[in-house]
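Close look at the chain arrangement
What follows is the residue order along each chain.
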Amino acid sequence: MADIADIYQPKTISLNELSVEGLYPVYGANGIIGYYEQYNHESAQICVACRGSSCGTVNYTQPYSWITGNAMVVNPDKNPDVVDKRYLYYALTTHDFTSIISGSGQPQIVRTPMLSLTVPLPSLAKQIEIATIIDTFEKASVIEMKRLALYQRQNKILLSLLFI
């Protein structure tokens, strides 16, 4: 990882600075945790939860977002000719981080072991192809999940009408 990405923890902001809605999403160890009036990343980023029970969970942030120090940013933007960011995201979602999680009271991942992780890197064209295929399946999955939620709501309404 050290050869293909910058790995760092951004500045953390306190929870009382967050709002329920706002301009910029804030990513912590558990994905979006609120909104803030500023952003610390213009482009979408890969971040790995590095504190607490969700340690090792990988997220792909929205552009113009704030990422807190409870997530480790894995930013390959300096190597666009070597690694596709979406490919790296998908590769990291399949990685088992348990070997680099430390801490008994509160699990954590620190930077040094992250730097030594290895990820298979086929040619850039192949990475893009793989990421595009997975993106297509991800989008279809989201559509199907929304459809299922709609059917479940519809079923609940129809059942309630039957037993009036």
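What you are looking at is a predicted structure, and each value in this text was computed from that prediction instead of being measured.

What counts, and at which threshold
- Residues numbered from 1 in each chain as written.
- Predicted model: local features only at pLDDT ≥ 70, side-chain atom pairs only at ≥ 80, totals over all residues.
- Heavy atoms only, no water.
- Pairing = 2+ DSSP bridges.
- Helix = DSSP H or I, 4+ residues; strand = E, 2+ residues; numbered from the N terminus.
- Axes fitted to C-alpha atoms, helices over the stretch in contact; angles between N-to-C directions.
- Contact = heavy atoms within 4.5 Å.
- Core = buried A, V, L, I, M, F, W, Y, C linked by side-chain atoms within 4.5 Å.
- Buried < 20%, exposed > 50% of the residue type's maximum accessible area, 1.4 Å probe, protein only.
- Patch = residues over 30% accessible without salt bridge, like charges linked within 9 Å, V, L, I, M, F, W, Y side chains within 5 Å.
- Areas by Shrake-Rupley, 256 points an atom, 1.4 Å probe, with all protein chains shown as cover.
- Salt bridge = Lys/Arg side-chain N within 4 Å of Asp/Glu carboxyl O.
- pLDDT = per-residue confidence, 0-100.
- Polar contact = N/O pair within 3.5 Å; in protein donor to acceptor, adjacent residues only side chain to side chain.

Concerning the sheet that holds strand E5 (residues 58-60)
- Taken in spatial order, the four strands line up as E1-E7-E4-E5 in an open sheet, and their pairing is antiparallel. The open sheet has two free edges, formed respectively by strand E1 (6-8) and E5, since each of these has just one partner strand. Ignoring which end each strand starts from, the neighbouring axes of this sheet average 25° apart.
- Of the strand pairs in this sheet, strand E4 (residues 46-49) and E5 are connected by three bridges, and their pairing is antiparallel. The residue of E5 that forms the bridge with Cys47 is Asn59.
- Sheet contacts for helix H1 (residues 85-93): E4, E5 and strand E7 (71-75); angle to E5, the most-contacted strand, approximately 155°.

Focus on the nonpolar core
- Counting residues in each nonpolar core, the largest one holds 25 residues, and the members touching the most others are Met1, Val74, Leu88, Leu92, Phe97, Ile109 and Met114.
- Among the elements that make up this core, the one with the highest residue count is H1 (six residues).
- Setting aside chain neighbours within four positions, we find Ile109 in contact with Val48, Ala49, Cys50, Arg51, Cys55, Gly56, Met72, Phe97, Ile100, Ile101 and Met114.

Observations concerning a nonpolar patch on the surface
- Residues Ile157, Leu158, Leu161 and Ile164 make up a contiguous nonpolar surface patch of about 460 Å² in total accessible area.
- Within the secondary structure layout, Ile157 lies in helix H3 (residues 124-162).

Some thoughts on the pairing of strand E3 (residues 31-36)
- Strand direction decides the pairing type here: strand E2 (residues 24-28) and E3, joined by five bridges, are antiparallel. Counterpart to Tyr27 in the pairing with E3 is Ile32.

Topic: the confidence of the model for the chain
- On average, the chain scores 91 in pLDDT, and the residues at 70 or more come to 100%.
- Per-element mean pLDDT across the chain ranges from 90 in E3 up to 96 in H1.

What about H1?
- Counting buried residues in H1 gives seven out of nine residues, a clear majority hidden from the surface.
- Among the residues of H1, Lys85, Tyr87, Leu88, Tyr89, Tyr90, Ala91 and Leu92 are the ones counted as buried.
- Buried-residue contacts for H1 involve E4, E5, E7 and H3.
- One side-chain oxygen of the residue at the start of H1 lies 3.3 Å from the amide nitrogen of Arg86, identifying that residue as Asp84.

Description of the side chain of His41
- Examined against the element boundaries, His41 turns out to sit in the loop between E3 and E4.
- A relative accessible area of 7% places His41 in the buried class.
- Side chain to side chain, His41 and Tyr8 meet in a polar contact 2.7 Å long.
- The residues contacting His41, other than those within four sequence positions of it, are Tyr8, Pro10, Pro63, Tyr64, Ser65, Ile67 and Val73.

A closer look at the sheet that holds strand E6 (residues 66-67)
- One open sheet accounts for three strands, arranged E3-E2-E6; its pairing is mixed. In the strand order of this sheet, the two ends are held by E3 and E6, each with one partner.

Here we look at the pairing of E4
- Residue alternation in E4 divides its side chains into two sets, Ile46 and Val48 and Cys47 and Ala49, and both sets are buried.
- Here E4 pairs with E7 via four bridges, running antiparallel. Residue pairing across strands places Cys47 opposite Val73, the latter belonging to E7.

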